[in-house]
Amino acid sequence: EAQVTQNPRYLITVTGKKLTVTCSQNMNHEYMSWYRQDPGLGLRQIYYSMNVEVTDKGDVPEGYKVSRKEKRNFPLILESPSPNQTSLYFCASSFLGAKLFFGSGTQLSVL
Amino acid sequence: KNQVEQSPQSLIILEGKNCTLQCNYTVSPFSNLRWYKQDTGRGPVSLTIMTFSENTKSNGRYTATLDADTKQSSLHITASQLSDSASYICVVSASGAQKLVFGQGTRLTINP
């Protein structure tokens, strides 16, 4: 089944403790991206990647890192999480210029 | 500044009624415009993608229109069903870039 898989689905952590949210797609998509969604603000793009080893900042990249070493994986790294990074996170992938396929989301709480 | 504005912010209608959601954008140069449906707590799902040359595109009871001259799009839902209750998000892509510009969405509630 074609899908974008994010893990974990829920995550509670404490300020400053490094964490990684994984994202994997099985559709051979070139494009992958990360978003955060906060009440009243809609989806905001954090980082995106147009292919392996090619990444670029979105609208809200501060406090986040990404890597694209393989085509199928695009992990989101929070080196030192802070409470303002508490949010619902989505990973998505697509062929270039085509519709996005989104993962099921990761609800992150930073205490 | 690239922006996508959606209206209304929220809408409540009775089951079986039609409704139209609006999207205005200032993204340039324009590549395509997308509508997504997002159920609460879940990832958005694509409804339509429209390029510059397309005026209308349908997906079942959903019909999207695009006026590239006025930079406006609408999503019309016919004979609404309870399962149409969701947020509808308009997204615009600029040419040569995959940095998408998202609208804040319209929250649609269908009441029985």
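Scroll up a little and you will see the structure.
These numbers come from a predicted model, not from an experiment.

Undergrad: Which residues make up a nonpolar patch on the surface, and what are the values?
TA: All names here are of chain A. On the surface, a nonpolar cluster with roughly 330 Å² of combined accessible area is contributed by Ile 12, Val 14 and Leu 111. Relative to the helices and strands, Val 14 resides in the loop between strand 2 (10–13) and strand 3 (19–25). Of the residues examined, Val 14 reaches a relative accessible area of 45% and is grouped as partly exposed.

Undergrad: Can you tell me about the side chain of B:Arg34, naming the residues and giving the values?
TA: Its place among the elements puts B:Arg34 in strand 4 (residues 30–38). Buried and unpaired, B:Arg34 has B:Glu54 as its nearest opposite-charge partner, separated by 11 Å. If we skip the residues at most four places from it in the chain, B:Arg34 touches A:Gly97, A:Ala98, A:Lys99, A:Leu100, B:Thr48, B:Ile49, B:Ile89, B:Cys90, B:Val91, B:Ser93 and B:Leu100.

Undergrad: Describe the packing of aromatic side chains, and please don't skip the residues or the numbers.
TA: Applying the stated criterion across every chain yields a total of 8 aromatic pairs over all chains. Aromatic pair A:Tyr35 and B:Phe102: ring centres 5.0 Å apart, planes at 65°, arrangement edge-to-face. In this pair, A:Tyr35 is assigned in strand 4 (residues 31–38) and B:Phe102 in strand 10 (residues 100–102), connecting two distinct chains. Three or more aromatic residues link up through ring pairs in this structure, and these residues are A:Tyr35, A:Phe90, A:Phe102, B:Tyr36 and B:Phe102. Positioned over the ring face of A:Tyr10 is A:Arg9, at 5.2 Å from the centre of the ring.

Undergrad: Report on the nonpolar core, specifying residues and quantitative values.
TA: Of all hydrophobic cores here, the largest spans 26 residues; its most connected members are B:Val4, B:Tyr25, B:Leu33, B:Trp35, B:Leu75, B:Tyr88 and B:Val92. Elements that contribute at least two residues to this core include exactly strand 3 (19–25), strand 4, strand 5 (45–51), strand 7 (62–67), strand 8 (72–77), strand 9 (86–94) and strand 11 (106–111) of chain B. Considering each element in turn, this core owes the most residues, 5 residues, to strand 9 of chain B. A:Tyr47, A:Tyr64, A:Leu78 and A:Tyr89 belong to the second largest nonpolar core, which has 19 residues in total.

Undergrad: Outline the interface of chain B and chain A, listing residues and values.
TA: Listed per partner, the contact involves 16 residues of chain B and 23 residues of chain A. The interface formed by chain B and chain A contains 4 residue pairs in polar contact (both at pLDDT 80 or more). Elements with a minimum of two residues in the side of chain B that touches chain A: strand 4, strand 5 and strand 10 of chain B. The class makeup of the residues in the side of chain B that touches chain A is 6 nonpolar, 7 polar and 3 charged.

Undergrad: Which residues make up the state of the cysteines, and what are the values?
TA: According to the stated counting rule, one finds 2 disulfides over all chains in the structure shown. Between the sulfur atoms of A:Cys23 and its disulfide mate A:Cys91 the distance is 1.8 Å. Disulfide A:Cys23 to A:Cys91: torsion about the S-S bond roughly -70°, handedness left-handed. Linking A:Cys23 in strand 3 with A:Cys91 in strand 9 (residues 87–94), this pair joins segments that are 68 residues apart in sequence. There is no split in this pair, since A:Cys23 and A:Cys91 are both buried. Between the sulfur atoms of B:Cys23 and its disulfide mate B:Cys90 the distance is 2.0 Å.

Rules of the game
Residues numbered from 1 in each chain as written. Chains lettered and ligands numbered in written order. Predicted model: local features only at pLDDT ≥ 70, side-chain atom pairs only at ≥ 80, totals over all residues. Heavy atoms only, no water. Patch = residues over 30% accessible without salt bridge, like charges linked within 9 Å, V, L, I, M, F, W, Y side chains within 5 Å. Areas by Shrake-Rupley, 256 points an atom, 1.4 Å probe, with all protein chains shown as cover. Salt bridge = Lys/Arg side-chain N within 4 Å of Asp/Glu carboxyl O. Helix = DSSP H or I, 4+ residues; strand = E, 2+ residues; numbered from the N terminus. Buried < 20%, exposed > 50% of the residue type's maximum accessible area, 1.4 Å probe, protein only. Lys, Arg positive; Asp, Glu negative; His and termini not counted. Contact = heavy atoms within 4.5 Å. Phe/Tyr/Trp six-rings, centres within 6.5 Å; stacked < 30°, edge-to-face > 60°. Lys NZ or Arg CZ within 6 Å of the ring centre and 35° of its normal. Core = buried A, V, L, I, M, F, W, Y, C linked by side-chain atoms within 4.5 Å. Polar contact = N/O pair within 3.5 Å; in protein donor to acceptor, adjacent residues only side chain to side chain. Nonpolar A, V, L, I, M, F, W, Y, C, P; charged D, E, K, R; others polar. Disulfide = S-S within 2.5 Å.

From the geometry alone we can't say anything about function, so treat these as descriptive.
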